[in-house]
Amino acid sequence: MRVDVLGPIQMTNDEGRLIDLAGPGLRALLAALALDRGRVVPVAALTRVLWGDTPPATARTKIQAHMSVLRQAMGSSARDPDGALLTVPPGYLLSPDQVETDVAEFDDLTVRGMRAADEAEPAVASALLGEALALWRGEAFGDVRSGPVRVAAERLDARRLLTAETKAETDLALGRYATVVTELSAWLSTHPLRERSLGL
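Summarised in this report is the structure supplied together with it. Predicted model, so just to flag it, every value in this text is computed and none were measured. Positions within a chain are numbered from 1, following the residues in the order the chain's sequence is written. Only residues with pLDDT of 70 or above have their local features reported here, since the model is predicted, and side-chain atom pairs are shown and tallied only from 80 upward, although totals for entire chains, interfaces and linings are computed over all residues. Side-chain figures throughout are based on the complete set of non-hydrogen atoms in the structure, without hydrogens or water.

### A closer look at the pairing of strand S5 (residues 85-88)
As defined by bridge partners, S5 adjoins strand S6 (residues 91-94) across four bridges and the pair is classed as antiparallel. The partner of Leu85 across the bridge, within S6, is Leu94. Pairing between strands is defined by DSSP: at least two bridges between the two strands are required. What counts as a helix is a DSSP run of H or I of at least four residues, what counts as a strand is a run of E of at least two, and both are numbered from the N terminus.

Rendered as structure tokens:
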């Protein structure tokens, strides 16, 4: 099972087939769980994701209903200790053993790419950072408008830009000037005051 959030939220099964996620609330909860995969996300935090500071009296019941739908979509059950979505007081946990995420893959590739750049291995760094950037399909959590999730999206977008700039530095070291001009021109169209990009 895989959850992708570097773009519109999508979930695929082990065969790579897309799983229908009807409703913005369901996608918002999945986004919050995927962002903290492997950690318990309290019900209170999930409540803020859906309703901000004005939750309905039935918030907990509605979240339980959403989690039941998510479990069904994942082919899991509440009683399965090895399931993809676990109930762990005071909230819920997306199992890192059962669910992969593009965020985790992006983090891994970026860390390895930055390390290669620090160790003066520009070809390795460029390849790894290029793989990391290729995971993006648009704005992070693109179809989720929840306040807490949008804040997380802004942080991810900042990391994406930092990754693109580091890749540009490694490409310059490799003499790939045309590539750098093309890629950074695209970034500067949306971040025109970014000093590091302008300098490169």
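### Remarks on the side chain of Arg27
Of note, Arg27 is situated in helix H1 (residues 24-35). Each residue is placed in one exposure class: buried if its accessible area under a 1.4 Å probe, protein chains only, is under 20% of its type's maximum, exposed if it is over 50%, and partly exposed if it falls in between. Classification of Arg27 by relative accessible area gives buried; the value is 18%. Under this definition, polar contacts are N or O atom pairs within 3.5 Å; protein pairs additionally need one hydrogen-donor-capable and one acceptor-capable atom, and for neighbouring residues in sequence, both atoms have to be side-chain atoms. For Arg27, the side chain forms a polar contact with the side chain of Asp143, separated by 3.1 Å. In this description, contact between two residues means that some pair of their heavy atoms is separated by no more than 4.5 Å. Every residue in contact with Arg27, bar those within four places of it in the chain, is listed here: Ile9, Leu21, Ala22, Asp143 and Val144.

### Re the sheet that holds strand S2 (residues 10-12)
Taking strand neighbours across the sheet as the criterion, the four strands line up as S3-S2-S1-S7 in an open arrangement whose pairing is mixed. Edge positions in the sheet fall to strand S3 (18-19) and strand S7 (100-101), since each of these pairs with one other strand and no more. Here strand S1 (residues 2-4) runs beside S7; their pairing, made up of two bridges, is parallel. What sits directly across from Val3, in S7, is Thr101.

### Structural notes on the nonpolar core
Ranked by internal contacts, the top residues of the largest apolar core, which has 43 residues, are Met67 and Phe141. Only H1, helix H2 (43-51), helix H3 (59-74), S6, helix H4 (102-118), helix H5 (122-134) and helix H6 (147-173) provide two or more residues apiece to this core. Setting aside chain neighbours within four positions, we find Phe141 in contact with Val5, Gly7, Ile9, Ala31, Leu35, Val149, Arg150, Ala152, Ala153 and Leu156. Put simply, a nonpolar core is a bunch of buried Ala, Val, Leu, Ile, Met, Phe, Trp, Tyr and Cys residues held in one set by side-chain atoms that sit within 4.5 Å of each other. Ranked by size, the runner-up nonpolar core spans seven residues in total, among them Leu133, Ala164, Val180 and Leu184.

### Focus on the pairing of S6
The sheet contact formed by strand S4 (residues 41-42) and S6 spans two bridges and is antiparallel. Among the inter-strand pairings, Val41 is bridged to a residue of S6, identified as Tyr92. In sequence, S5 turns back onto S6 through a hairpin of two residues.

### So, the packing of H4 against H5
Axis definition: a line fit to C-alpha positions, over the contact stretch in the case of helices; interaxial angles, taken between N-to-C directions, run 0 to 180 degrees. H5 packs onto H4 with a crossing angle of 160° between their chain directions and a minimal axis gap of 8 Å. Compared by their axis directions, H4 and H5 come out roughly antiparallel. Seen along the crossing, H4 lies across H5 with a hand that is left-handed. Contact residues: H4 offers Phe106, Leu109, Thr110, Arg112, Gly113, Met114, Ala116 and Ala117, while H5 offers Val124, Ala125, Leu128, Leu129, Glu131 and Ala132. Oblique is the label for every angle not falling under 35 degrees (roughly parallel), over 145 degrees (roughly antiparallel), or within 65 to 115 degrees (roughly perpendicular). Note: crossing handedness is left-handed where the near helix turns anticlockwise from the far helix by less than a right angle, and right-handed where it turns clockwise.

### Regarding unusual backbone geometry
Between Pro89 and Pro90 the backbone carries a cis peptide bond, its omega angle lying at 15°. You can see Pro90 is positioned in the loop between S5 and S6. Positive phi, close to 55°, is recorded for Ala120, a residue that is not glycine. Tracing the chain through its elements places Ala120 in the loop between H4 and H5. Located in the positive-phi region is Phe141, a residue other than glycine, with phi close to 50°. Locating Phe141 in the fold gives a position in the loop between H5 and H6. Among the residues examined, Phe141 registers a relative accessible area of 0% and is labelled buried.

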